Amino acid sequence: MRENTGHRAMAGAIARMPDPTGYREVAALETDLAAAFGARRAVAVSSGTAAITTALAACGVGADDEVLVPAVTVVMTVVAAGARPVFVETTADGRSMDLADLAAKTGPDTKAVVAVHLAGRTDGIHDLVAYTRTAGLRLIEDACQAQGTTTGGRHAGTIGDIGCFSLKDGKIISCGEGGYLLTDDDALADRAAAHRTHWQTSAPGTPAGSRLGVNHRLAEPLAALARHHLAHFPEALALRRRQAAALHHAVDDTPGVVPLAAAGGETPNGYSALWRLTLPGPREFSARLARLGVPNSTGTHHLTAAHLHPACSGYATGDLPRAQATVDTLLAVPFTAHDSERDIEQRALTIRQEAASWSS
Ligand SMILES: *Cc1c(COP(=O)(O)O)cnc(C)c1O
């Protein structure tokens with residue numbers, strides 16, 4: 001009897017789920033996303049990593065082409081950049097890609113630059129727009145951590161040619177796993193949409209079925225969930241901003257833990273609170289914070305400068321010293337919707353106490 005009731009409940013739940021064959025929820029999500037972020041087009045995909053690979057494919061970047069990527073980044077962009085990622089050194093202040101190094105590394109095979117807005121910060125993006133326009137390169141924004149950040153009144157991810165976002169759990173809009181691209185360029189959007197689904201749709205100059213694509217589709221039920229979260233995005237964004245402000249405020253004036261203020265004209269999304277550590281042994285310090293319940297970039301997520309990843313050959317320790325120092329001294333503490341005011345107070349206390357005993 002109990003089993004019967006269970007079956008009936010499940011059948012009811014399945015009947016209420018969106019139609020998995022129509023892609024109506026995906027289409028509606030794309031309309032909603034474009035409107036929410038002020039972009040002409042949105043293309044939903046299966047992850048943030050898929051968004052970056054799809055963006056590069058839409059830009060016509062092939063296996064033999066070079067993509068310039070900041071050395072201060074996460075492994076997802078390294079994977080997405082494909083066979084020949086070229087890592088770019090950081091500016092002296094550690095906040096963006098060094099334009100001189102970028103220019104020096106731009107060669108005949110270079111097709112695109114990926115800007116990565118770590119911790120929701122877009123430092124240097126306007127300089128990158130100017131550089132890539134002059135150099136004839138595509139500019140892709142990895143805005144996976146920057147949902148809701150604005151700079152000069154525009155959303156992060158709508159400034160370059162294509163912006164890439166993740167809908168993974170932990171990002172500000174989420175549906176478990178998923179992602180999307182934003183662009184104002186119809187041809188790029190059509191090519192991204194075709195690539196995502198085995199080129200079963202057409203794009204300018206390439207009829208349906210004329211090329212090979214991949215399956216990076218977002219599933220209908222996940223699109224329905226993402227639409228729900230998108231409808232509550234303003235509250236979710238306001239919460240992150242309050243959390244980040246509260247943690248920054250409570251850690252203020254802690255010697256060795258220097259807050260990184262937002263760049264001029266930018267309103268960050270509060271994805272992470274962000275400091276530069278001037279303490280000795282910053283990675284060890286961050287690892288200790290992680291053990292004491294303060295999640296952070298290097299201690300919890302083992303962030304290293306990308307060129308030092310074991311999979312990246314041709315680079316050695318010391319090759320991009322500013323990028324390495326930037327990653328090692330970064331303290332980015334991310335939030336989730338579940339972090340309470342008490343959790344944040346506790347984290348602040350831990351950071352203050354540990355910093356005080358570390359330096360003495
Ligand atoms: C989360 C994230 C991604 C991609 O994440 P997926 O797990 O593929 O959805 C890419 N870049 C950055 C900076 C991220 O934080």
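Residues numbered from 1 in each chain as written. Predicted model: local features only at pLDDT ≥ 70, side-chain atom pairs only at ≥ 80, totals over all residues. Heavy atoms only, no water.

Enquirer: So, helix α10 (residues 282–291): which residues are in play, and what are the values?
Expert: Of the positions making up α10, those classed as buried are P282, F285, S286 and L289. Along α10, the residues classed as buried sweep out an arc of 95 degrees about the axis, all on the same side. Two residues or fewer past α10, G293 is found with a positive phi of approximately 95 degrees. (Buried < 20%, exposed > 50% of the residue type's maximum accessible area, 1.4 Å probe, protein only. Helix = DSSP H or I, 4+ residues; strand = E, 2+ residues; numbered from the N terminus. Arc of directions from axis to C-beta.)

Enquirer: Describe the sheet that holds strand β12 (residues 272–277), with residues and values.
Expert: Strand order in the open sheet formed by three strands is β10-β12-β13, with antiparallel pairing between adjacent strands. Because the sheet does not close on itself, it has two edges, and the strands there are β10 (257–259) and β13 (330–334). On average, each strand axis in the sheet is tilted by 35 degrees relative to the strand beside it, whichever way the strands run. As judged from the five bridges shared by β12 and β13, these two strands associate in the antiparallel manner. Within the sheet, the bridge partner assigned to L274 lies in β13 and is A332. Seen against the sheet, helix α9 (residues 233–251) touches β10, β12 and β13 and runs at an angle of roughly 30 degrees to β12. (Pairing = 2+ DSSP bridges. Axes fitted to C-alpha atoms, helices over the stretch in contact; angles between N-to-C directions. Contact = heavy atoms within 4.5 Å.)

Enquirer: Break down the sheet that holds strand β11 (residues 266–267) for me, with residues and values.
Expert: Backbone hydrogen bonds hold the strands of a sheet together, and the pairing may be parallel or antiparallel. On the basis of which strands lie adjacent, the open sheet formed by three strands has the order β7-β6-β11 and antiparallel pairing. Looking at strand neighbours, the two that pair on one side only are β7 (154–155) and β11, the edges of this open sheet.

Enquirer: Lay out the environment of V86 with the relevant residues and their values.
Expert: Within the secondary structure, V86 is located in strand β3 (residues 85–88). Given a relative accessible area of 13%, V86 falls into the buried group. Once the C-alpha coordinates of V86 and K105 are considered, the two residues, 19 residues apart in sequence, prove to be 7.6 Å apart. Every residue in contact with V86, bar those within four places of it in the chain, is listed here: E66, V67, L68, V69, K105 and Y315.

Enquirer: Give a description of the environment of L68 that names residues and reports values.
Expert: For L68, the position within the fold is in strand β2 (residues 66–70). Among the residues examined, L68 registers a relative accessible area of 0% and is labelled buried. Each C-alpha atom, one on L68 and one on T122, is 17 Å from the other, the two residues being 54 residues apart in sequence. The contact partners of L68, leaving out residues within four places of it in the chain, are V86, V88, L102, K105, T106, T110, A112, V113 and V114.

Enquirer: Any chance you could break down the site of the ligand for me, citing the residues and the numbers?
Expert: All residues in the neighbourhood of the ligand are listed as S47, G48, T49, V74, M76, D142, C144, Q145, S166, K168 and K171. Between G48 and the ligand, the recorded distance is 2.8 Å, taken from a backbone N or O atom to an oxygen atom. Within the complex, 92% of the 380 Å² of free accessible area of the ligand lies under protein. For the shell around the ligand, the per-class residue count stands at three nonpolar, five polar and three charged. (Near = heavy atom within 4 Å. Polar contact = N/O pair within 3.5 Å; in protein donor to acceptor, adjacent residues only side chain to side chain. Areas by Shrake-Rupley, 256 points an atom, 1.4 Å probe, with all protein chains shown as cover. Nonpolar A, V, L, I, M, F, W, Y, C, P; charged D, E, K, R; others polar.)

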